[in-house]
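One letter stands for each residue in the lines below.
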Amino acid sequence: MSDPSRSPARRTGGCACGAVRFEVDGPLKQIVACHCTMCRRQTGHFLASTDAWKDQMGLTGEAAVVWRRSSEGARRGFCGTCGSFLFFDVIGAETISIAAGALDDASGLEIAAHVFTADKGAYYEILDDAPHFPLGGSTVPMPPRDADG
């Protein structure tokens, strides 16, 4: 696992066209790879994402973000200009998931778990040693708000 003390305290990122930019002034959770059908259809493969505390994230170009309600309890955000997938937001949660590929610098982050592996695509195998959670859920903790990036 990467050494979180070597990670930047402030992270930035955005969509492919630059219409949406975000910054996180706080810690990020290690990467979780979701293999559910919905994530695979949304992204074209599995979704690798990190989480940030919502109160530590700023957003520029918010008007370009299109939110799609993907279930009763969650919505997915993408850039309405270029279509880049950016966010997975559980309604009412204190954290928001950010697509790892949208980060400008993902140093210090690694895949720490695979979720919904029972639903993964038949065209690939999961070859790393991160734990698998066939039906979702994981034990990857969210760092406290005051943790250094």
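Scroll up to find the structure.
Predicted, not measured: the structure shown is a model, and the values here were computed from it.

On a plain count of helices and strands, the protein chain comes out with one helix and eleven strands. Taking 15 Å as the expected radius of gyration for a compact globule of 149 residues, we find that the protein chain reaches 15 Å, a close match to that expectation. By principal-axis analysis of the C-alpha atoms, the protein chain measures approximately 35 × 35 × 30 Å. Considering the protein chain as a whole, with its 149 residues, one finds that 44% of them fall into the buried category.

On to the pattern of salt bridges, then. On inspection of all chains with the given rule, the structure shows eight salt bridges. Lys29 is the salt-bridge partner of Asp51, the closest N and O atoms lying 3.8 Å from each other. Of this pair, Asp51 sits in strand S4 (residues 47-53) while Lys29 sits in the loop between strand S2 (21-25) and strand S3 (31-34), and the two are 22 residues apart along the sequence. Overall, Asp51 belongs to the buried group, its relative accessible area being 12%. Residue classification places Lys29 among the buried residues on the basis of a relative accessible area of 13%.

Topologically, Gly121 is positioned in the loop between strand S10 (111-115) and strand S11 (132-133). The spacing of Gly121 and Thr12 is 109 residues in sequence and 30 Å in space, taken between C-alpha atoms.

Turning next to the environment of Trp53. Within the secondary structure layout, Trp53 lies in strand S4. Separated by 28 residues in the primary sequence, Trp53 and Asp25 have C-alpha atoms spaced 9.1 Å apart. Setting aside chain neighbours within four positions, we find Trp53 in contact with Pro27, Glu94, Thr95, Met142, Pro143, Pro144 and Arg145. At 2.9 Å, the side chain of Trp53 forms a polar contact with the backbone oxygen of Pro143.

Looking now at the sheet that holds strand S1 (residues 10-14). Within the open sheet, the three strands sit side by side as S1-S2-S5. Their pairing is antiparallel. Each having just a single partner strand, S1 and strand S5 (57-60) make up the two edges of the open sheet. Put simply, the sheet's adjacent strands are angled 15° from each other on average, direction ignored. Of the strand pairs in this sheet, S1 and S2 are connected by five bridges, and their pairing is antiparallel.

Let us now look at the packing of aromatic side chains. In total, this model carries four aromatic pairs according to the counting rule given. The interplanar angle of 40° and the centroid separation of 6.0 Å between the aromatic rings of Phe46 and Tyr124 together place this pair among those described as tilted. With Phe46 in the loop between helix H1 (37-43) and S4 and Tyr124 in the loop between S10 and S11, this pair connects stretches of sequence that are 78 residues apart. A relative accessible area of 22% means that Phe46 is categorised as partly exposed. We classify Tyr124 as buried; its relative accessible area is 10%. Here the aromatic rings of Trp67 and Phe87 are separated by 6.0 Å at their centres, their planes lie at 25°, and the arrangement is stacked. Here Trp67, found in strand S6 (residues 65-71), pairs with Phe87, found in strand S8 (residues 85-90); they are 20 residues apart in sequence, far enough to count as distant. The structure contains a cluster of three or more aromatic residues connected by ring pairs, namely Phe22, Trp67 and Phe87. Looking at Lys120, its charged tip hangs above the ring of Tyr124, at a distance of 4.7 Å from the centre. Taking NZ or CZ as reference, Arg145 lies 3.9 Å from the ring centre of Trp53, over its face.

Cut-offs and rules
- For every chain, the first residue of the written sequence is number 1, and numbering continues from 1 onward in sequence order.
- This being a predicted model, a pLDDT of at least 70 is required before a residue's local features are given, and a value of 80 or more before pairs of side-chain atoms are given or counted; all residues contribute to the totals for chains, interfaces and linings.
- Each side-chain value is worked out from all heavy atoms of the structure, with water and hydrogens disregarded.
- To qualify as a helix, a DSSP run of H or I must reach at least 4 residues; to qualify as a strand, a run of E must reach at least 2; elements of each kind are numbered from the N terminus.
- In this setup the radius of gyration rests on C-alpha atoms only. A globule is expected at 2.2 Å times the number of residues raised to 0.38.
- Buried, partly exposed and exposed residues are distinguished by accessible area as a fraction of the type maximum, computed with a 1.4 Å probe on protein chains only: under 20%, between the cut-offs, and over 50%, respectively.
- Salt bridges are identified by distance alone: a Lys or Arg side-chain nitrogen within 4 Å of an Asp or Glu carboxyl oxygen.
- Contact definition: two residues touch when any of their heavy atoms are within 4.5 Å.
- Two N or O atoms form a polar contact when they lie within 3.5 Å of each other; inside protein one atom must be a possible hydrogen donor and the other a possible acceptor, and for residues adjacent in sequence the pair counts only when both atoms belong to side chains.
- For two strands to count as paired, DSSP must find a minimum of two bridges between them.
- Every axis corresponds to a line fitted to the C-alpha atoms, with the helix fit spanning only the stretch in contact, and the corresponding angles, defined between N-to-C directions, vary from 0 to 180 degrees.
- Note on ring pairs: Phe, Tyr and Trp rings are taken, using the six-membered ring of Trp, and paired if centres are within 6.5 Å. Classes follow the plane angle, with under 30 degrees stacked, over 60 edge-to-face and the rest tilted.
- Only when the NZ of Lys or the CZ of Arg is both within 6 Å of the ring centre and within 35 degrees of the ring normal is a charge said to sit over the ring.

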